[in-house]
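Commentary on secondary and tertiary structure
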Amino acid sequence: MSGRVVAYSSSPLLASRTPVWRSKFIVAGIALGFVALAGRAAWVQVFGNEFYRKQGEVRFARTLELPANRGRIFDRNGLLLATSVPVPSIWAIPEDVEQGRDKAKLAQLAKLLQLPLPELMKKLEEDERNFVWIKRQVDESTARQVAALDIKGIYQRKEYRRQYPEGEAAAHVVGFTSIEDHGQEGVELAFDKALAGKPGSRRVIKDRLGRIVEDVREQVPPLDGKDLQLSIDSKVQFFAYQQLRDAVVANKAKAGSVVVLDVHTGEVLALANYPSYSPSNRQNLTGAQLRNRALTDSFEPGSTMKPFAVSLALEKGLVKPDTLIPTAPGRITLAGSTISDSHAHGDLTVTQVIQKSSNVGTVRVAMQLQPREMWELYTQVGFGQRPQVPFPGTVSGKLRAWKTWRPIEQATMSYGYGVATSLFQLARAYTVFARDGELVPVTLLKTDQAAPGIRVLRPEIAQEMREMLHLVTLSGGTAPKAQTMGYSVGGKTGTAHKQEGRGYAEHKYRGVFVGIAPIDQPRIVVAVMIDEPSAGRYFGGDVAAPVFSATVQQTLRMLGVQPDMNVKPQIVVQAVEESI
Amino acid sequence: MMLRLNLTLLVSLIASALYLVQVQYESRRLYTEIERAHAEARKLEIDRERLQVDKRAQATSARVEKLAREQLHMRPATPAITQYVTLKGVAQERAQ
């Protein structure tokens, strides 16, 4: 280092005069800076305020949807039939997935989710979209394993899934929902609006860590769907389904249905069909499994119609229970057509006509009636009328206007051909006999009050008919197999040739039994239909009556009805064959 | 005099501003807390629902029937093996 040291105070630079414009320039520059700042501030605060406020909100304010719970479905005793439980679903942002680096992990993911790897890759190919479902509604343990893989771009979210604890036994009544939580079948569809609820929303401010720190405005709370309580008793439902399933399998039948109605309240205690399906596993479903036959299939009810025409004749005073009707020689010819019995009986009382299910006897009684009177009774008990239950696909059956009836048609309609009904309609119609002549409105929802009925027949006529129906199940009737231990029952068998195309199939039948129990103080009506039994036996008294018997036995026990008969070992007596 | 008033106002302004910041911070902290509690409540509710379904699934008629029949060798009660008892009060009620 060399050179002179100059003290700061004596520096010659200090002595030099600077021009005035320089300081003015600086002052002006600073002033300009302030003006610019003020202008900017004014812009941000006043003119562009709206824009900046929005930009800010976009960065920290979020609108959250508050999902509403779908209402639950209970049975009459408060047992769950359907409820929603959130389950994890796996989704991805395809752009963010690093396929090259995470190849092994993606293979593991595919294995976990039981997806073929190419399919998974195809989903991730869709670059355009920034949201793609990988697999919806997986179970908790799978979701945890997926989370443990920790693949970039693969996320989870909660979705509601319907759970059906009763499974296939109640499948047709309860129905199911789609993956988007909309009702698709059964009660889920019928009451979808009430069950669905309305999602709410809230606008919140989130901090850097994604925590909610403030509500921006009032929350819109979600409206949960209403819970439904059905009239179904899940125990009765299960036993009825079980009995039906066993009978359909044992008789190698195509299908079957059973309906149990409470006579006092008109509640449907059970409604089951077989084949059924498991609502939680709906892959490879066939139409046959899905069909709620009891409500959506109408068929010719055969002999189960006989009590209606006969009670009308009793009501009109045309016959008495002990009036003799000649049925020999087991045939009757009407306008060129012959109607026959499977066995010739000779002279039968009206009671015996029902007990032995004689076609000829029924026709002789019914032909004394006016077509209009018969049509009116059939209509009053609900044939040809859509049942008042809010169920998808409920059919009205078929009952032609009386003016178009030809005599032969009136005759066949008296024993259940040329008229079609669903099993549900048939069961309901029988409440006329069970309720001393009153037809009961039916309901699928639980009620506690006895339903007011609509009078169709005089009480004493209904009682007389019940006595006849009781004899059907005793020795000499067509359905001794309908008997139960301890409870008196009554009912009517029906065995009908199935219609095929324009005519009737030679060897295809439908076995039906509709009955009432206990017979003196009726509590339930049970209707059973077995479609195309093909294991040898096909009479309603052979294939449907045992299901009736077992169902009545269990149902009355569960309802706490005391037996009205002395219990003794029961001997199954020889049945007579009924007419088809 | 004026100066002292101004100074007092300035000090109280600063104090109140700092307090505002503190309160805002505290309120957000509490809000987060309450949110977490809500989330926890929701989670518990969901768990409860799930457990209820599980419980119900374990107690369906189908399963009870199967277990009773196969493991416990039980059979359905019939009136033949049932003793029916009518309570006096009920009998009178029915009679009326």
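Residues numbered from 1 in each chain as written. Chains lettered and ligands numbered in written order. Predicted model: local features only at pLDDT ≥ 70, side-chain atom pairs only at ≥ 80, totals over all residues.

1. Some details on the overall build of chain B
- When its secondary structure is counted, chain B shows three helices and zero strands.
- For chain B, the N- to C-terminal ordering of α and β elements is α-α-α.
- Taken over C-alpha atoms, the radius of gyration comes to 35 Å for chain B, far larger than the 12 Å a tight globule of 96 residues would show.
- When burial is assessed residue by residue, chain B has 3% of its 96 residues classed as buried. (Helix = DSSP H or I, 4+ residues; strand = E, 2+ residues; numbered from the N terminus. Rg over C-alpha atoms; globule rule 2.2 N^0.38 Å. Buried ≥ 20, exposed ≤ 12 C-beta atoms within 10 Å, placed from the backbone.)

2. Digging into the overall build of chain A
- When helices and strands are tallied, chain A shows 22 helices and 21 strands.
- The C-alpha atoms of chain A give a radius of gyration of 39 Å, which is well past the 25 Å a tight globule of 580 residues would have.
- For chain A, the C-alpha atoms occupy an extent of roughly 155 × 50 × 50 Å along the three principal directions.
- When burial is assessed residue by residue, chain A has 44% of its 580 residues classed as buried.
- Intrachain contacts of chain A at a sequence separation of at least 6 include 72% that bridge at least 24 residues. (Contact = placed C-beta atoms within 7 Å.)

3. Considerations on the confidence of the model for chain A
- When pLDDT is averaged along chain A, the result is 87, and 97% of the positions lie at 70 or above.
- When pLDDT is averaged over each element of chain A, strand S21 (residues 524–531) of chain A comes out on top at 95 and helix H1 (residues 12–15) of chain A at the bottom at 76. (pLDDT = per-residue confidence, 0-100.)

4. Considering helix H10 (residues 234–250) of chain A
Residues and elements named next belong to chain A.
- Taking 1.5 Å per residue, 17 residues should reach 24 Å; H10 reaches 24 Å between its end C-alpha atoms and fits that length.
- Burial analysis of H10 places 14 of its 17 residues in the buried class, which makes it a mostly covered element.
- Count one or two residues on from H10 and you reach Lys-252, which has phi positive near 50°. (Expected span 1.5 Å × (residues − 1).)

5. Things to note about the sheet that holds strand S9 (residues 255–262) of chain A
All names here are of chain A.
- The strand order across the open sheet formed by five strands is S10-S9-S21-S20-S19, and the pairing between neighbours is antiparallel. Of all the strands in the sheet, the pair left with one neighbour each is strand S10 (268–274) and strand S19 (490–500). Going from strand to strand, the sheet's axes swing by 10° on average, the running direction of each strand aside.
- The pairing of strand S20 (residues 503–517) with S21 spans eight bridges and is classified as antiparallel. (Pairing = 2+ DSSP bridges. Axes fitted to C-alpha atoms, helices over the stretch in contact; angles between N-to-C directions.)

6. With respect to the packing of H10 of chain A against helix H22 (residues 545–559) of chain A
Residues and elements named next belong to chain A.
- Packing of H10 against H22 leaves a shortest axis separation of 9 Å and a crossing angle of 165°. By the criterion of interaxial angle, the relationship of H10 to H22 is roughly antiparallel. Crossing of H10 against H22: the hand is right-handed. Of the residues in H22, those in contact with Lys-235, Val-236, Phe-239, Ala-240, Gln-243, Leu-244 and Ala-247 of H10 are Pro-546, Val-547, Ala-550, Thr-551, Gln-554, Thr-555 and Met-558.
- In terms of residue class, the contact of H10 with H22 is built from nine nonpolar, four polar and one charged. (Parallel < 35°, antiparallel > 145°, perpendicular 65-115°, else oblique. Left-handed = near helix turned anticlockwise from the far one by under 90°. Nonpolar A, V, L, I, M, F, W, Y, C, P; charged D, E, K, R; others polar.)

7. Some thoughts on the domain arrangement of chain A
Residues and elements named next belong to chain A.
- Along its sequence, chain A is organised into domain 1 (65–229) and domain 2 (234–278 + 290–559).
- Computed from C-alpha coordinates alone, the two centres of domain 1 and domain 2 are separated by 46 Å.
- With 17 residues of domain 1 at the interface, the matching set in domain 2 holds 18 residues.
- Put simply, the parts of the chain that give the side of domain 1 that touches domain 2 at least two residues each are helix H7 (171–174) and helix H8 (186–190). (Domains from an automatic or database assignment.)

8. Some points on the nonpolar core
All names here are of chain A.
- Of all hydrophobic cores here, the largest spans 124 residues; its most connected members are Val-258, Val-259, Ala-527 and Val-528.
- At eight residues, the largest contribution of residues to this core is made by H10.
- Each of domain 1 (65–229) and domain 2 (234–278 + 290–559) contributes no fewer than three residues to this core.
- Every residue in contact with Ala-527, bar those within four places of it in the chain, is listed here: Val-258, Val-259, Leu-423, Leu-426, Ala-427 and Val-514.
- Judged by nonpolar contacts, the second largest core, of 11 residues, contains Ile-90, Val-97, Leu-106 and Val-138. (Core = buried A, V, L, I, M, F, W, Y, C linked by C-beta atoms within 7 Å.)

9. Looking at unusual backbone geometry
Residues and elements named next belong to chain A.
- Following Ala-328, the chain continues to Pro-329 via a peptide bond in cis, the omega torsion being 0°.
- The topology assignment puts Pro-329 in the loop between strand S12 (324–326) and strand S13 (331–334).
- Following Ala-517, the chain continues into Pro-518 via a peptide bond in cis, with omega recorded as -25°.
- Mapped onto the secondary structure, Pro-518 falls in the loop between S20 and S21.
- With phi around 50°, Lys-252 is a residue other than glycine that occupies positive phi space.

10. A short note on the sheet that holds strand S1 (residues 61–66) of chain A
All names here are of chain A.
- Taking strand neighbours across the sheet as the criterion, the three strands line up as S1-S6-S7 in an open arrangement whose pairing is antiparallel. Each having just a single partner strand, S1 and strand S7 (212–215) make up the two edges of the open sheet. Each neighbouring strand pair of the sheet contributes to a mean axis angle of 45°, computed without reference to strand direction.

11. Some words on the pairing of S10 of chain A
Residues and elements named next belong to chain A.
- Counting buried residues in S10 gives seven out of seven residues, a clear majority hidden from the surface.
- Pairing of S9 with S10, which is carried by six bridges, proceeds in the antiparallel orientation. When the sheet's bridge partners are listed, Ser-257 is paired in S10 with Asn-273.

12. Quick look at the packing of helix H13 (residues 306–315) of chain A against helix H20 (residues 459–472) of chain A
Residue and element names in this part refer to chain A.
- Interhelical geometry of H13 versus H20 gives an angle of 135° and a closest axis separation of 10 Å. With respect to H20, the axis of H13 lies oblique. Every pair of crossing elements has a handedness; the one defined by H13 and H20 is right-handed. Mapping the contact onto sequence places Pro-307, Ser-311, Leu-314 and Glu-315 in H13 and Ile-461, Glu-464, Met-465 and Leu-469 in H20.

13. Section: the pairing of strand S3 (residues 80–92) of chain A
All names here are of chain A.
- Direction of pairing for strand S2 (residues 73–74) relative to S3: antiparallel, over a ladder of two bridges. Bridging across to S3, Phe-74 finds its partner in Leu-80.
- Between S2 and S3, which follow one another and run antiparallel, lie five residues, and Gly-78 among them has a positive phi close to 80°.
- Both S3 and strand S5 (residues 154–163) contribute to a ladder of 10 bridges, which runs antiparallel. Its bridge partner being in S5, Val-87 is matched across the sheet by Glu-159.
- Two elements, S3 and strand S4 (residues 132–135), share three bridges in a ladder whose sense is antiparallel. Bridge assignment links Ile-90 to a residue of S4, and that residue is Lys-135.

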